[in-house]
Amino acid sequence: MTLSAQTTTADRIASSAFDVTPAGATLAAEVRGVDLRYLDDRMFGRLMDAWHQHSVLLVRGQSLSDQDLIAFSRRFGDLDWAPIQENGRRFVEGLPEIYIVSNVKVDGEAIGSLGDGEAVWHTDMSYLDVPPKASMLYSLEVPPQGGNTSFCSMYAIYDALPGKLKDRISGLKIKHDGTYNSGGYVRQGVTATDDPLTSPGAVHPLVCTHPDTNGRMLYLGRRRNAYLVGLELADSEALLDELWSFVDRPEFAWEHAWRVGDLVMWDNRCTMHRRDAFDPNSRRIMHRTQVKGAQRPA
């Protein structure tokens, strides 16, 4: 390595001393003054601490290749392969970890998933026995308006529940539907159904303890076809409607308006997220990775 190359590397590491500024009242922070390609172990440890504290981190102005995105994401753990898109294909040849979220079509075929419509509140892939623990979403093209992503804190929502409601849900388990994704599309290989009693999906505790922070949180997943195991369907629907009424309260959420080069990473265990619709004539291309979960929610 030449002296100039050594100096450049040293300068990059030195410049990785960054600021963490809260972005929302209950969750999310912006990390400023960092290049995610050049994080030493000490600075990565600080980033991890900030992530545990704020649940969602925004890092603007990044210039990441797909390989850079994968390398950064792997520092949090092993990565999932991207799920199959609506047309039955995977996305990036040779890079199975990259999932494309996009409305763009080439020769009439979508290059990614979820289109340009609204994506409802959800936790990524909670219909699995061991859901992913983290997701990273990196923006390559964004519409001039719309397509904002909102996040909510499941810690704060659980804390806000009245004591009697907490008592009612203590010990309950919830089935997380695996029929539909957050854009309302039927998942590949699944038969459409709107019966919560018979729909496929994993069963998890309704109230969980975060394995790293020990915080107590509500684990709802998504509303459609959800079912509280052991209850009459009408009772399950009524109780879930009551719990979901807390999710839409703005005091528990933070909304992000995207710019090109933004990376947002979130803790999939203690947050939910949603997306606004946007003009279908606008282009939006995002690349996402997911970090495998180490255990079932507990």
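Colleague: Whenever I open this one, the environment of Tyr127 confuses me. Can you help?
Modeller: Structurally, the position occupied by Tyr127 is in the loop between strand S8 (119-122) and strand S9 (134-141). Along the primary structure Tyr127 and Leu243 are separated by 116 residues, whereas in three dimensions their C-alpha atoms are 19 Å apart. Residues contacting Tyr127, with those up to four places away along its chain left out, are His176, Asp177, Gly178, Arg187, Gly201 and Ala202.

Colleague: Any chance you could explain the sheet that holds strand S11 (residues 173-177) here in plain terms?
Modeller: Strands pair in a sheet through their backbones, by hydrogen bonds, and they do so in one of two ways: parallel or antiparallel. The strand order across the open sheet formed by three strands is S12-S11-S15, and the pairing between neighbours is antiparallel. At either end of the open sheet lies a strand with only one pairing partner, and these are strand S12 (201-205) and strand S15 (227-228).

Colleague: Hey, could you run me through helix H3 (residues 66-74) in this one?
Modeller: Since the α-helix packs 3.6 residues into each turn, any two residues three or four apart lie on the same face. Those residues of H3 lying buried are Asp66, Leu69, Ile70, Phe72 and Ser73. Projection of H3 onto a plane perpendicular to its axis shows the buried side chains occupying an angular sector of 165°, all on one side. Among the structural elements, helix H2 (41-54), S9, strand S17 (263-267) and strand S19 (285-291) are those in contact with the buried residues of H3.

Colleague: Sorry, what's going on with the nonpolar core here?
Modeller: Considering soluble globular proteins, one finds that nonpolar side chains tend to be buried as a cluster. If you look at the biggest cluster of nonpolar residues, it comprises 31 residues, and the most contacted ones within it are Leu39, Leu47, Phe72, Phe76 and Leu263. Elements with a contribution of two residues or more to this core: strand S2 (29-32), H2, strand S3 (56-59), H3, S9, S17 and S19. Those residues in contact with Leu263 that lie beyond four places of it in its chain are Leu36, Leu57, Leu58, Val59, Leu64, Leu69, Phe72, Met136, Leu137 and Tyr138. The next biggest cluster of nonpolar side chains, apart from the first, holds 30 residues, and it includes Leu172, Ile174, Leu240 and Leu243.

Colleague: Would you mind showing me how to read the pairing of S19 here?
Modeller: Remember that side chains alternate between the two faces of the sheet whenever the strand is regular. With seven of seven residues buried, S19 lies mostly within the body of the structure. Going residue by residue along S19, you find Ile285, His287, Thr289 and Val291 tucked away on one face and Met286, Arg288 and Gln290 tucked away on the opposite face as well. Two elements, strand S4 (residues 99-102) and S19, share four bridges in a ladder whose sense is antiparallel. The residue bridging Val101 from the neighbouring strand is Met286, located in S19. The sheet contact formed by S9 and S19 spans seven bridges and is antiparallel. Looking across to S19, one finds that Glu141 is bridged to Ile285.

Colleague: Please clarify how the confidence of the model for the protein chain should be interpreted in this entry.
Modeller: Interpretation of this model should avoid reading the predicted coordinates in detail wherever pLDDT is low. Confidence in the prediction of the protein chain, expressed as mean pLDDT, is 91, and 93% of residues score 70 or more. Across residues 1-16, confidence stays below pLDDT 50; counting only partners more than four residues off in sequence or on other chains, it has eight contacts.

Thresholds applied
- Residues numbered from 1 in each chain as written.
- Predicted model: local features only at pLDDT ≥ 70, side-chain atom pairs only at ≥ 80, totals over all residues.
- Heavy atoms only, no water.
- Helix = DSSP H or I, 4+ residues; strand = E, 2+ residues; numbered from the N terminus.
- Contact = heavy atoms within 4.5 Å.
- Pairing = 2+ DSSP bridges.
- Buried < 20%, exposed > 50% of the residue type's maximum accessible area, 1.4 Å probe, protein only.
- Arc of directions from axis to C-beta.
- Core = buried A, V, L, I, M, F, W, Y, C linked by side-chain atoms within 4.5 Å.
- pLDDT = per-residue confidence, 0-100.

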